[in-house]
Each structure stands twice: as C-alpha cells, then as structure tokens.
Amino acid sequence: MKFFKTRTAWKDTNKAYQNWDTPIQIAGNNRRISELCKAHDFNKDWHKRWCSEIQEQPRYHRKQWEFTYIMQSLWERGCISENKRGLVFAVGSEPLPAVFAKHGCHILATDINPDKGVEKGWDNGNQLCFGIDSLNTRSICDNDIFLQRVKYRSVDMNSIPSDLSNFDFNWSSCSFEHLGSLEKGFAFLKNQLNTLKPGGWAVHTTEYNLSSNHETQENDSTVIYRKRDIDHIVDALRQEGHFVEELDFSIGNMEQDFVVDFPPYKGETHIRLMIDKFVATSIGLIIKKKG
C-alpha cells in the first residue's frame with residue numbers, strides 16, 4: 001500500500017481532473033447519485049444496514065461498497081419490494097440475489113457460460129457462477145423461498161438475448177469493464193436497457209481511472225474508464241432520452257481515500273488500487289430507461 005499524506009501530494013501525482021474536492025450537492029435529495037467510491041460512505045447507516053443484510057462487517061473495501069451502493073440505490077427507487085422483477089449480469093457468487101429474494105423480488109441471475117469463464121481465468125475469487133447453488137451459500141434467504149424466486153441462466157453480456165425483457169430493474173457489479181474493450185462496455189450500457197420496462201432502473205459499477213483522463217487501459221481483460229469515457233456514454237444515453245443520475249467525480253477527503261493498494265491487493269484498505277500504472281477505484285452509474 002502507498003499512502004499520500006496530503007491532498008496536495010495526491011494531486012501532484014494524479015493531475016487528471018479539476019474540482020475533485022467538491023461533491024455534487026442536490027438540494028433536498030439524499031439519494032445515491034452516479035458517483036465514485038469514497039471512504040465516508042462506509043460510515044453511513046445505509047452502508048451498515050446492507051452489510052448486515054449480506055452478513056459482513058463493514059470494511060474499507062470497494063467491492064463491499066459496490067454491493068451496498070447497488071442495494072441502496074435500488075431500494076431508494078422502490079425496486080426492492082414484493083413481486084418486483086430483477087436481472088443481474090455476471091452474478092458470480094454475489095449475495096444480492098438472496099437479499100432481494102428475501103425482500104420479495106423475483107430475480108434472474110445470469111453469468112457467462114462456466115466453461116468460457118474458466119477459459120478466461122475467472123474461476124477464482126467468486127467471480128464465476130456455476131449455477132443456482134452458488135447464490136445462497138450464506139443462507140441469507142430461506143432456501144425454499146430462494147428457489148422459488150431466483151432462477152439462473154447463462155448469458156453473454158456482449159450478446160444479450162432479446163427474450164430478456166420487461167424487468168423492473170437490473171444491475172451488475174464491476175463487470176462490463178471485462179467485455180474486451182471500452183466500446184463493448186459502451187454497447188452493453190445501451191443494450192442492457194432493452195431488458196427493462198419503460199421507466200425501469202439500472203445500477204452498474206465499473207473501474208474508474210483516477211490517474212489520467214488521457215491514457216488508460218483500453219483493450220484488455222480489464223479496461224479502465226476515464227472521466228471522458230463516462231461523460232461520453234452518459235451524454236449518449238441522455239441524448240437517447242434516458243435519465244442518468246447526476247455525476248459526482250469528487251474523491252473524498254478521509255485518510256482512506258488516499259491509500260492505494262498494490263498487487264497482490266492484501267491491504268485492509270482497498271478503496272483505491274493500482275492496476276498496471278493507473279490508480280483506479282469504483283464508480284457507480286444509475287440509469288432510468290425512458291418511459
């Protein structure tokens with residue numbers, strides 16, 4: 001790990017952006033917006049609530065934030081309630097389908113065909129789903145209820161079947177950056193809207209480049225989106241008539257926001273990490289399909 005002792009030291013090392021220090025303020029709205037992972041969220045009641053639901057202790061780890069951010073964003077928008085239909089892409093073995101089933105939702109969990117996932121080396125770190133038995137290992141939901149409300153299907157995010165439609169909401173956790181290129185991620189963000197009802201909500205997290213708004217990792221097993229890339233796809237979605245929650249690129253001002261975890265990523269604080277030569281974190285996007 002490397003710790004940048006001051007905000008100035010961070011900025012001298014990472015000069016990509018202006019106004020990092022200033023979060024977006026939306027009057028009268030305390031809901032999640034499209035934003036970066038920041039340390040202060042880990043002390044919020046909503047984060048602690050969802051950590052309890054997934055049976056984890058709060059810790060400064062961006063993957064945990066991705067889960068709680070997705071759950072809170074969907075909860076605030078009325079998606080996590082009786083008989084709502086949800087779709088998850090690249091589910092791995094994440095606990096969210098079980099949580100949502102416990103709250104009365106019907107979930108279709110999808111992931112790449114296991115054989116293809118193994119070929120890509122995703123059969124470690126709970127990145128790959130091998131079927132419905134992978135999704136309630138924490139016994140978050142009564143198993144009989146879980147099996148009634150959660151189904152599994154193999155789906156390639158680069159080729160979403162046309163019969164997947166009419167869902168109230170969908171989500172993915174740091175997945176579309178693994179589709180092969182920045183452009184394939186852009187295509188996914190547009191195509192996933194076809195699975196939703198008019199007015200349905202989508203919440204997706206991905207890798208975000210804190211080091212540069214120019215260079216990045218563009219065509220690899222993991223690509224890293226820059227501010228300009230996020231602005232590009234958000235503008236494109238809005239031009240098509242969809243709603244995207246306001247973007248907040250502020251990085252936070254707590255000590256943990258200036259700690260960078262280096263491979264093999266064993267740090268207790270894992271909000272910022274080094275990928276190749278870039279410092280990265282997670283960003284969440286909240287999208288509403290046009291009515």
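For clarity, every value in this text was computed on a predicted model and none was experimentally measured. (Residues numbered from 1 in each chain as written. Predicted model: local features only at pLDDT ≥ 70, side-chain atom pairs only at ≥ 80, totals over all residues. Heavy atoms only, no water.)

Undergrad: Tell me about helix α7 (residues 182-191), and please be specific about residues and values.
TA: Listed in full, the buried residues belonging to α7 are Leu182, Gly185, Phe186, Phe188 and Leu189. All buried residues of α7 project into a common sector of 160° when viewed along the axis, lining one side. (Buried < 20%, exposed > 50% of the residue type's maximum accessible area, 1.4 Å probe, protein only. Helix = DSSP H or I, 4+ residues; strand = E, 2+ residues; numbered from the N terminus. Arc of directions from axis to C-beta.)

Undergrad: Got a sec to walk through the pairing of strand β6 (residues 167-172)? Specific residues and values, please.
TA: Sheet faces and side chains relate simply in a regular strand, where the side chains alternate between the two faces. Within β6, six of the six residues are buried, leaving the element largely enclosed by the surrounding structure. You can see the chain leave β6, run along α7 and come back into strand β7 (residues 196-209), and the turn it takes is right-handed. (Right-handed = clockwise from strand over helix to strand, strands pointing away.)

Undergrad: Any details on the pairing of strand β12 (residues 278-288)? Residues and values, ideally.
TA: Judged by how many residues are buried, β12 sits mostly within the fold: ten of eleven residues are covered. Here nine bridges tie β7 to β12, and the two strands are oriented antiparallel to one another. Its bridge partner being in β12, Thr205 is matched across the sheet by Gly284. Bridge analysis of strand β8 (residues 243-244) against β12 gives two bridges, and the strand direction is antiparallel. Each bridged residue has a counterpart across the sheet, and for Val244 the counterpart in β12 is Ile287. Taken together, the three bridges between strand β11 (residues 272-275) and β12 define a ladder with antiparallel strand orientation. Bridged to Leu273 within β12 is Ala280. Between β11 and β12, which pair antiparallel and follow one another directly, the connecting turn spans two residues, one of which, Asp276, has a positive phi of 55°. (Pairing = 2+ DSSP bridges.)

Undergrad: Could you give an account of the environment of Arg149, naming the residues involved and the relevant values?
TA: In this fold, Arg149 is placed in helix α6 (residues 143-149). Here Arg149 falls in the buried class, since its relative accessible area comes to 18%. Along the chain, Arg149 and Cys105 lie 44 residues apart, while their C-alpha atoms are 6.8 Å from each other.

Undergrad: Report on the environment of Arg272, specifying residues and quantitative values.
TA: As for its placement among the helices and strands, Arg272 is situated in strand β11. A residue is classified by how much of its surface remains accessible, and Arg272, at 0% relative accessible area, is buried. With eleven residues separating them along the chain, Arg272 and Asp261 place their C-alpha atoms 6.1 Å apart. Within polar-contact distance, the side chain of Arg272 engages the backbone oxygen of Ile251 at 2.6 Å. (Polar contact = N/O pair within 3.5 Å; in protein donor to acceptor, adjacent residues only side chain to side chain.)

Undergrad: Tell me what's going on with the packing of helix α2 (residues 45-53) against helix α3 (residues 62-76), and back it up with residues and numbers.
TA: Contact pair α2 / α3: the axes reach a minimum separation of 9 Å and the direction vectors enclose 105°. Taken together, the axes of α2 and α3 are roughly perpendicular relative to one another. Contacts between α2 and α3 involve Trp46, His47, Arg49, Trp50 and Cys51 from the former and Gln64, Trp65, Thr68, Tyr69, Met71, Gln72 and Trp75 from the latter. Tallied by class, residues from the contact of α2 with α3 come to seven nonpolar, four polar and one charged. (Axes fitted to C-alpha atoms, helices over the stretch in contact; angles between N-to-C directions. Parallel < 35°, antiparallel > 145°, perpendicular 65-115°, else oblique. Contact = heavy atoms within 4.5 Å. Nonpolar A, V, L, I, M, F, W, Y, C, P; charged D, E, K, R; others polar.)

Undergrad: Quick one: what's the story with the side chain of Asp248, residue by residue and with numbers?
TA: Tracing the sequence through the fold places Asp248 in strand β9 (residues 247-248). A residue is classified by how much of its surface remains accessible, and Asp248, at 4% relative accessible area, is buried. Within polar-contact distance, the side chain of Asp248 engages the side chain of Ser250 at 2.7 Å.

Undergrad: Describe the nonpolar core, with residues and values.
TA: Grouped together as the largest cluster of nonpolar side chains are 39 residues, with contacts concentrated most on Phe188 and Ile230. Listed by contribution, the elements that provide at least two residues to this core are α7, β7, α8 (227-239) and β12. Contacts of Phe188, omitting those with residues within four sequence positions, involve Phe89, Met157, Ile160, Ser172, Phe176, Leu179 and His204. Membership of the second largest hydrophobic core comes to 35 residues, among which are Tyr69, Leu74, Leu135 and Val203. (Core = buried A, V, L, I, M, F, W, Y, C linked by side-chain atoms within 4.5 Å.)

Undergrad: Before we move on, could you go through empty space enclosed by the protein and cite the residues and values that matter?
TA: Here the structure, examined in full by the defined rule, presents one cavity of 30 Å³ or more. A volume near 40 Å³ is recorded for the largest cavity. Lining the largest cavity, in full, are Ser93, Glu94, Pro95, Ser134, Leu135, Asn136, Thr137, Arg138 and Ile140. A class-by-class count of the residues in the lining of the largest cavity yields three nonpolar, four polar and two charged. (1 Å grid on protein atoms, 1.4 Å probe; cavity = no way out; pocket = protein on both sides within 12 Å on 5 of 7 lines; lining within 4 Å. Points joined across faces, edges and corners; volume = space filled by probe spheres on them.)

Undergrad: Any details on the packing of aromatic side chains? Residues and values, ideally.
TA: For the coordinates displayed, the defined rule picks out twelve aromatic pairs. Considering the side-chain rings of Trp50 and Trp75, the 5.6 Å spacing of their centres and the 70° angle between planes classify their relative orientation as edge-to-face. Remark: Trp75 occurs in helix α3 and Trp50 occurs in helix α2; sequence separation between them is 25 residues. Judged by relative accessible area, which is 0%, Trp50 ranks as buried. Chaining the aromatic ring pairs together yields one cluster made of Phe89, Phe176, Phe186, Phe188 and Tyr225. When the ring centre of Trp50 is taken as origin, the NZ or CZ atom of Arg49, which lies over that ring, is 3.8 Å away. (Phe/Tyr/Trp six-rings, centres within 6.5 Å; stacked < 30°, edge-to-face > 60°. Lys NZ or Arg CZ within 6 Å of the ring centre and 35° of its normal.)

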